[in-house]
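# Understanding the architecture of this molecule
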Amino acid sequence: QGDERSSLEVALSIVGSVSHTHSLPLSVEQSSMWRQASTVARVMGVHGCGRRRCMTSKSSTISIIGAPSSHGQLNDSTSLGPSSMREAGVVSSLEAIGWTVNDRGDVKFPPKRSADQSNLDALAEGNRLLSDEVYNAYLECDTTLVLGGDHSIGIGSVSGVLRRNPEVGVLWIDAHCDINTPETSGSKNMHGMVLSYLMKLFPTVSKAPFTWLSDVPALDPSQLAFIGARDIDPGERRMLKNLGIAVFSMHSIDKYGIGKVTEMALDHLDNRTLHVSYDIDATDPGIAPSTGTPVRGGLTYREAHYIAEEIAATGRMASMDMVEVDPVLSAGGKETVELATALIGSAHGKRII
């Protein structure tokens, strides 16, 4: 027990030093220090910010950041996601289960130029601002909730976390894998390329207008797991296999059941602190129809909640996105918003009993 306490003290000293004495993104040397210390610290129940987890504490604070971006795809109304979830009571629902909520408002994305792919500069700048906002919330050791917006906002949210915790585990709950590159993407929509940017899978990833990504540690394939995938492009399939990324598709859920799949996905992420990126289109369009790229055969209502409940039970989640909620795209807008808001509650500790 003495050796364990000594190891924890050393790890906390390194993690705390790297976290709180450097206001800039971590250098390669600092990232290496972090990775070594985090191997000890994350196993012993310490957040990336250098303190013990407080997921069940009544004094826990959660920062909510709105990312009202539709820049990564064609439906402008995806930008209404953050306001719709606030109006549905996301703040009060979190307060009801013991969270102190700090709503930081919305990141001001530059205007969308048109309904095509000429928005890259605006998308990159908006994500840079979002990355800074998430980074600052992480500095304060707040749990962070980002309300999207389309899934391209994941470039900003995940990069903000990676700048403080290069070892974070990312659980991507989505009908799609979002790992296309500009070369493999058929649609050229940026919400389907998020992970190729975060993992730096193509040579020009940190060129203008994404030069700021050069200071962000790349997400390693071992740090990533998918749940719910069922619409995967051919180029993505090749990359996923070549990189050895853990993909628990709907076939896996059919075969093993949601309990075993959730357990396997969380085990794969090796007790890391978690960032959860939850795309509402992971669920079946029968329960969440108002989203831009619905795919039949998705998660049931209870499967979707079970994943969120099990994430909360680990005490490992430090940050989350809820994305692709489009409240006016279809007649099912209200039920889609209500489901997204309920899943946020389940992921942050709301339980049946």
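Up top is the structure these notes are about.
A brief look at the structure comes next. Predicted model, so just to flag it, every value in this text is computed and none were measured.

## Brief notes about the overall build of the protein chain
- Tallying secondary structure elements over the protein chain gives 12 helices and eight strands in all.
- A total of 353 residues make up the protein chain; the buried ones form 57% of that total.
- At a minimum sequence separation of 6, the contacts of the protein chain that also span at least 24 residues come to 75%.
- Counting only carbon and sulfur atoms, one obtains 52% of the accessible surface of the protein chain, whose full area is about 13,600 Å².

## Quick notes on unusual backbone geometry
- Across the junction of Gly 148 and Gly 149, the peptide omega takes the value 20°, indicating a cis bond.
- Put simply, Ala 208 and Pro 209 share a cis peptide bond, and its omega is 5°.
- Relative to the helices and strands, Pro 209 resides in the loop between helix H7 (194-198) and strand S5 (224-227).

## Let's talk about the packing of aromatic side chains
- Evaluation of the coordinates by the stated rule reveals three aromatic pairs.
- Geometrically, the ring pair formed by Tyr 197 and Phe 210 is tilted, given 4.8 Å between the ring centres and 50° between the ring planes. In this pair, Tyr 197 sits in helix H7 while Phe 210 sits in the loop between H7 and S5, placing the two residues 13 residues apart along the sequence.
- Judged by relative accessible area, Phe 210 falls into the buried class, the value being 1%.
- Ring plane angle 45° and centroid distance 6.1 Å describe the contact between Phe 210 and Trp 212, whose orientation is recorded as tilted. Taken individually, Phe 210 and Trp 212 each receive the classification buried, so the pair is uniform in this respect.
- Taken together, the ring pairs in this structure connect Tyr 197, Phe 202, Phe 210 and Trp 212 into an aromatic cluster.

## Focus on the pairing of S5
- Residues Leu 224 and Phe 226 point to one face of S5 and Ala 225 and Ile 227 to the other, with burial holding for every one of them.
- Looking at chain direction, strand S4 (residues 169-173) and S5 are connected through four bridges and run parallel. Across the sheet, the residue bridging to Ile 173 is Ile 227, located in S5.
- By the bridge criterion, three bridges tie S5 to strand S6 (residues 246-248) in an arrangement that is parallel. Bridge pairing links Ala 225 to Ala 246 in S6.

## A few points about the environment of Met 85
- Its place among the elements puts Met 85 in helix H3 (residues 81-87).
- When near neighbours in sequence (up to four residues on either side) are disregarded, Met 85 contacts Val 90, Leu 147, Gly 148, Met 322, Val 325, Val 337, Ala 340, Thr 341 and Ile 344.

## Focus: helix H11 (residues 301-314)
- For H11, which comprises 14 residues, the first-to-last C-alpha distance of 21 Å matches the rise-based estimate of 20 Å (1.5 Å per residue) to within 8%.
- Those residues of H11 that fall on the buried side of the exposure criterion are Glu 303, Ala 304, His 305, Ile 307, Ala 308, Glu 309, Ile 311 and Ala 312.

## Digging into the sheet that holds strand S3 (residues 143-148)
- Strand order in this open sheet of eight strands is S2-S1-S3-S8-S7-S4-S5-S6, and the pairing throughout is parallel. Of all the strands in the sheet, the pair left with one neighbour each is strand S2 (100-106) and S6. Looking at each pair of strands side by side, their axes are set apart by 15° on average, direction ignored.
- Across five bridges, S4 lies against strand S7 (residues 274-279) in parallel orientation. When the sheet's bridge partners are listed, Val 170 is paired in S7 with His 275.

## Details of the pattern of salt bridges
- The tally for this structure, following the rule as stated, stands at 12 salt bridges.
- One salt bridge in this structure joins Glu 125 and Arg 128, with 2.7 Å as the shortest N-O distance. In this pair, Glu 125 and Arg 128 both sit in helix H5 (residues 120-139), three residues apart, roughly one turn of the helix.
- Given a relative accessible area of 30%, Glu 125 falls into the partly exposed group.
- For Arg 128, a relative accessible area of 27% puts it in the partly exposed group.
- Its salt-bridge partner being Arg 163, residue Asp 132 comes within 2.9 Å of it at the nearest N-O pair. Taken as a pair, Asp 132 in helix H5 and Arg 163 in helix H6 (residues 154-164) lie far apart in primary sequence, 31 residues in all.

Conventions and cut-offs
- Residues numbered from 1 in each chain as written.
- Predicted model: local features only at pLDDT ≥ 70, side-chain atom pairs only at ≥ 80, totals over all residues.
- Heavy atoms only, no water.
- Helix = DSSP H or I, 4+ residues; strand = E, 2+ residues; numbered from the N terminus.
- Buried < 20%, exposed > 50% of the residue type's maximum accessible area, 1.4 Å probe, protein only.
- Contact = heavy atoms within 4.5 Å.
- Areas by Shrake-Rupley, 256 points an atom, 1.4 Å probe, with all protein chains shown as cover.
- Phe/Tyr/Trp six-rings, centres within 6.5 Å; stacked < 30°, edge-to-face > 60°.
- Pairing = 2+ DSSP bridges.
- Expected span 1.5 Å × (residues − 1).
- Axes fitted to C-alpha atoms, helices over the stretch in contact; angles between N-to-C directions.
- Salt bridge = Lys/Arg side-chain N within 4 Å of Asp/Glu carboxyl O.

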